Amino acid sequence: MKKTLAKAFFAVTIAFAAAGANAADAADLTYREPAPPPAVQDARGGVKIGYLECDIGGGAGYVLGSSKEVECAFRSLGGDVIEDRYTGEIRKLGIDVGFTMRSRLIWAVFAPTAGYHHGSLSGIYKGASAEATLGAGVGANVLVGGTSGSIHLQTVSVTGQLGLNVAAAGTSMTLNSAN
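Since the model is a prediction, treat every value here as computed from it, not as a measurement.

With that settled, the discussion passes to the pattern of salt bridges. Across all of its chains, the model carries 7 salt bridges by this definition. Notably, a salt bridge pairs Arg75 with Glu53, separated by 3.3 Å at the nearest N-O pair. In this structure, the salt-bridge partner of Arg85 is Glu83, at a minimum N-O distance of 2.6 Å. On the accessibility criterion, Arg85 (39% relative accessible area) is partly exposed. When salt bridges that share partners are traced, they join Glu53, Asp55, Arg75, Glu83, Arg85 and Arg104 into one network.

Here it is, written out as structure tokens:
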């Protein structure tokens, strides 16, 4: 049973790594940002008011986890252009093996109405992440939380990154207003 489970995990890891390798042009392993999430209303009936784009610092995964600094910027949609900056940390606990040089994460931001208040995205977000990187790679994150306020992030986000890494872990991200 343990051998079968280990073989299955190894096969999934190789499949993720192969998908990451195919995502990059073999001759050009430059960093490519993921496309922003599509414009829709979310399941909670919120209105998309902008995007939160986060740059995640590089670093090593230490088999059982990692911790990396994040710098984020909220950019509003619509007439009044608002830009709000956040800093914080993203932590993973679980399988995280390898090294990434840099990562970029993009979320759609929703609110019950079209309004936004400075610092509204500060808080703790928890969930899970899965990543595979061989040169250039991708990952998916499912994070929920934040403040008890009504503004929230799109539940699922996509990460683009450079490095050599495989991760499947519980994840938490803390955001603090930097303005």
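Turning our eyes to something else, we now look at the environment of Cys54. Secondary-structure assignment places Cys54 in strand β1 (residues 47–76). Once you skip the residues sitting within four places of it in the chain, Cys54 turns out to touch Glu71, Cys72, Ser103, Arg104, Leu105 and Trp107.

Counting residues in each nonpolar core, the largest one holds 21 residues, and the members touching the most others are Leu52, Phe74, Tyr86, Trp107, Val109, Leu121 and Leu175. When residues of this core are traced back to their parent elements, those giving at least two are β1, β2 (83–111), β3 (123–145) and β5 (156–177). If one sorts the elements of this core by residue count, β1 sits on top with 7 residues. Sequence-distant contacts of Phe74, defined by excluding residues within four places in its chain, comprise Ile49, Gly50, Tyr51, Leu52, Ile82, Glu83, Asp84, Tyr86, Val109, Tyr116 and Leu121.

Calculation criteria
Residues numbered from 1 in each chain as written. Predicted model: local features only at pLDDT ≥ 70, side-chain atom pairs only at ≥ 80, totals over all residues. Heavy atoms only, no water. Salt bridge = Lys/Arg side-chain N within 4 Å of Asp/Glu carboxyl O. Buried < 20%, exposed > 50% of the residue type's maximum accessible area, 1.4 Å probe, protein only. Helix = DSSP H or I, 4+ residues; strand = E, 2+ residues; numbered from the N terminus. Contact = heavy atoms within 4.5 Å. Core = buried A, V, L, I, M, F, W, Y, C linked by side-chain atoms within 4.5 Å.

What is shown is where atoms sit, not what they do.
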